[in-house]
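Chain residues, written in single-letter form:
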Amino acid sequence: DIDETTISNNKFSFQEKVDGTKIAYLIYTNHEGNKVKQAFILEPGKLNAQITNDGSVIFSGTSQNDMLQPYQSEIAVFNKKTELYYKSAPKDSALSYTDMLKRSIQDEEINAEELSIHKKYANKLINTTAGSYVFTNSYYLMSTEEKLEILNKMNAQQLQLKQIKDIQTNVEIERKVAPGNRFIDFTLNNTDNTPISLSQYIGKTNYLLVEFWASWCPDCMRFLPQLSAFYAKHHGKMLEIVGVSLD
């Protein structure tokens, strides 16, 4: 559902009847004409929303939002810090190989810091609407084991939520294709429209690489020349590569 109001004298208000709790979003247009979107928990009670000078929104006054706000604030600080980092960082094309390795390490440290924030609040707020929002907003950054750790702490009510069910389904798929498990066969048509199965290549070379790629993926296209050169050098009894296009 969508409702709207006008900001007048730096104030605005809504009054609606609310049953239960759910995730909602406040969207407003700032002075620069850009739309800003901020999540909050819609629940019974008097909810205060303060738009700060930097454009973020602080929600307070109800129990779930008071729980969620520290997470929102910590992520906002992290996002501003990383935005400044990437704005000041030189482009990849200007970096030497050594500097690219250093950049890669720095990127991993940034990703690890972000993940630690999400995990901290997903665990701290477990079995609340706020906690479910944190988890569904960040699960894609987590390993299979990290997702399972949080899912195993959820009560029956949380596990029945659609988004949580979808994550459970994805986790089961991840477990099936985890390193060390037997491959799952699949069949797709090649460029000649002939059906080809992955099992046709099993056992014919020492190594089989399945490369999922797409022409709209910059990293895929950037890596393709290196992969082609590697294939030209090693293909045969040693190596075969099966490319799966997602276009």
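Overview of the structure.

What counts and what doesn't
- Think of each chain on its own: its residues are numbered from 1, step by step along the sequence as written.
- Two thresholds apply to this predicted model, a pLDDT of at least 70 for residue-level local features and 80 or more for giving and counting side-chain atom pairs, whereas whole-chain, interface and lining totals are computed over all residues.
- Here the side-chain values reflect all heavy atoms present in the structure, with hydrogen atoms and water set aside.
- Only DSSP runs of H or I covering at least 4 residues are called helices, and only runs of E covering at least 2 are called strands; the numbering of each starts at the N terminus.
- Radius of gyration: over C-alpha atoms. The globule rule applied is 2.2 Å multiplied by the number of residues raised to the 0.38 power.
- Only protein chains enter the accessibility calculation, which uses a 1.4 Å probe; a residue is then buried when its area is under 20% of its type maximum, exposed when over 50%, and partly exposed in between.
- For every accessible area listed, the method is Shrake-Rupley and the probe measures 1.4 Å; residues are considered covered only by the protein chains on display.
- Being paired, for any two strands, means DSSP has found at least two bridges between them.
- For the handedness criterion, the strands are oriented away from the viewer, and a crossover whose path from the first strand over the helix to the second runs clockwise is classed as right-handed.
- Like-charged residues within 9 Å of one another, or nonpolar side chains (Val, Leu, Ile, Met, Phe, Trp, Tyr) within 5 Å, are grouped into patches, provided each residue has over 30% relative accessible area and no salt bridge.
- Salt bridge, as used here: a side-chain nitrogen of Lys or Arg that lies within 4 Å of a carboxyl oxygen of Asp or Glu.
- Here a polar contact is recorded for every N or O atom pair within 3.5 Å, except that within protein the pair must consist of a potential hydrogen donor and a potential acceptor, and residues adjacent in sequence are included only if both atoms are side-chain atoms.
- Working rule for contacts: check all heavy atoms of both residues, and any pair within 4.5 Å makes them a contact.
- Multiplying 1.5 Å by the helix residue count minus one yields the expected span of that helix.
- Note on bend: the value at a residue is the angle between axes fitted to the seven residues ending there and to the seven starting there.
- Whenever a helix is involved, its axis is fitted only over the stretch in contact; in every case the axis is a line through C-alpha atoms, and angles between N-to-C directions fall within 0 to 180 degrees.
- Convention used here: angles under 35 degrees read as roughly parallel, angles over 145 as roughly antiparallel, angles from 65 to 115 as roughly perpendicular, and any remaining angle as oblique.
- Handedness of a crossing is defined here by the sense of rotation of the near helix relative to the far one, left-handed for an anticlockwise turn of less than a right angle and right-handed for a clockwise turn.
- Only Asp, Glu, Lys and Arg are considered charged, only Ala, Val, Leu, Ile, Met, Phe, Trp, Tyr, Cys and Pro nonpolar, and every remaining residue, Gly among them, polar.
- Residues grouped as a nonpolar core are buried Ala, Val, Leu, Ile, Met, Phe, Trp, Tyr and Cys residues, joined through side-chain atoms within 4.5 Å.

1. Details of the overall build of the protein
Piece 1. On a plain count of helices and strands, the protein comes out with 7 helices and 8 strands.
Piece 2. Radius of gyration (C-alpha) of the protein: 24 Å, far over the 18 Å computed for a compact globule of 247 residues.
Piece 3. Counting only C-alpha atoms, the protein reaches 70 × 50 × 35 Å along its principal axes.
Piece 4. By residue count, 27% of the 247 residues in the protein fall in the buried class.
Piece 5. Put simply, the protein shows about 17,500 Å² of open surface, and 53% of that area lies on carbon and sulfur atoms.

2. So, the pairing of strand 8 (residues 239–245)
Piece 1. Looking at chain direction, strand 7 (residues 207–213) and strand 8 are connected through 7 bridges and run parallel. Its bridge partner lying in strand 8, Phe212 is registered against Val244.
Piece 2. Taking the sense of rotation as the criterion, the β-α-β connection linking strand 7, helix 7 (residues 218–234) and strand 8 turns out right-handed.

3. Remarks on a nonpolar patch on the surface
Piece 1. Nonpolar side chains collect at one region of the surface, where Ile173, Val177 and Ile184 lie side by side and expose about 270 Å² of accessible area between them.
Piece 2. As for its placement among the helices and strands, Val177 is situated in the loop between helix 6 (162–176) and strand 5 (187–189).

4. Comments concerning the side chain of Thr205
Piece 1. Within the fold, Thr205 resides in the loop between strand 6 (195–197) and strand 7.
Piece 2. The class of Thr205 is buried, set by a relative accessible area of 17%.
Piece 3. A polar contact of 2.8 Å, which involves the side chain of Thr205, links it to the backbone oxygen of Tyr207.
Piece 4. For Thr205, the contacting residues outside a window of four places in its chain are Gly236, Lys237, Met238, Leu239 and Glu240.

5. Structural notes on the pattern of salt bridges
Piece 1. Per the stated rule, a full pass over the model turns up 9 salt bridges.
Piece 2. For the salt bridge of Arg222 with Asp219, the shortest nitrogen-to-oxygen distance reads 2.3 Å. Of this pair, Arg222 and Asp219 are both found in helix 7, 3 residues apart, which corresponds to roughly one turn of the helix.
Piece 3. The class of Arg222 is exposed, set by a relative accessible area of 54%.

6. Some remarks on unusual backbone geometry
Working note: non-glycine residues mostly have negative phi, and peptide bonds are mostly trans.
Piece 1. Here Asn127, not a glycine, exhibits a phi torsion of approximately 65°, which is positive.
Piece 2. Relative to the helices and strands, Asn127 is located in the loop between helix 2 (97–124) and helix 3 (129–136).

7. What about helix 1 (residues 63–88)?
Piece 1. Here helix 1 spans 39 Å end to end across 26 residues, near enough to the 38 Å set by a 1.5 Å rise per residue.
Piece 2. Where helix 1 bends most, at Gln69, the angle is about 30°, and the proline Pro70 comes one to four residues later.
Piece 3. Listed as buried for helix 1 are Gln64, Asn65, Leu68, Gln69, Tyr71, Gln72, Ile75, Phe78 and Thr82.
Piece 4. In the core, the buried residues of helix 1 are packed alongside strand 2 (35–42), strand 4 (57–60), helix 2 and helix 3.

8. Quick notes on the packing of helix 4 (residues 144–151) against helix 6
Each pair of packed helices can be summarised by the angle the axes make with each other and by the distance between the axes.
Piece 1. Direction vectors running N to C along helix 4 and helix 6 enclose 140°, while the axes themselves pass 10 Å from each other. In terms of axis orientation, helix 4 runs oblique to helix 6. Where helix 4 crosses over helix 6, the handedness of that crossing is left-handed. Residues Thr144, Lys147, Leu148 and Leu151 of helix 4 lie in contact with helix 6, whose contacting residues are Ile164, Ile167, Gln168, Val171, Glu174 and Arg175.
Piece 2. The residue inventory of the contact of helix 4 with helix 6, partitioned by class, reads 5 nonpolar, 2 polar and 3 charged.

9. As for the nonpolar core
Piece 1. Leu68, Tyr71, Val134, Phe135 and Leu151 are the most contacted members of the largest nonpolar core, which has 24 residues in total.
Piece 2. Mapped by element, the contributors of at least two residues to this core are strand 2, helix 1, helix 2, helix 3, helix 4 and helix 6.
Piece 3. With 5 residues, the single largest contributor to this core is helix 2.
Piece 4. Apart from residues no more than four positions distant in its own chain, Phe135 is found in contact with Ala122, Met142, Lys147, Ile150, Leu151, Met154, Ile164 and Ile167.
Piece 5. Leu26, Tyr28, Phe40 and Val57 belong to the second largest nonpolar core, which has 6 residues in total.

10. Focus on the pairing of strand 4
Piece 1. Burial along strand 4 is one-sided: Val57 and Phe59 are buried, while Ile58 and Ser60, pointing the other way, are not.
Piece 2. Here strand 3 (residues 48–51) runs beside strand 4; their pairing, made up of 4 bridges, is antiparallel. The residue bridging Ala49 from the neighbouring strand is Phe59, located in strand 4.
Piece 3. Joining the antiparallel neighbours strand 3 and strand 4 is a turn of 5 residues, in which Gly55 adopts a positive phi near 95°.

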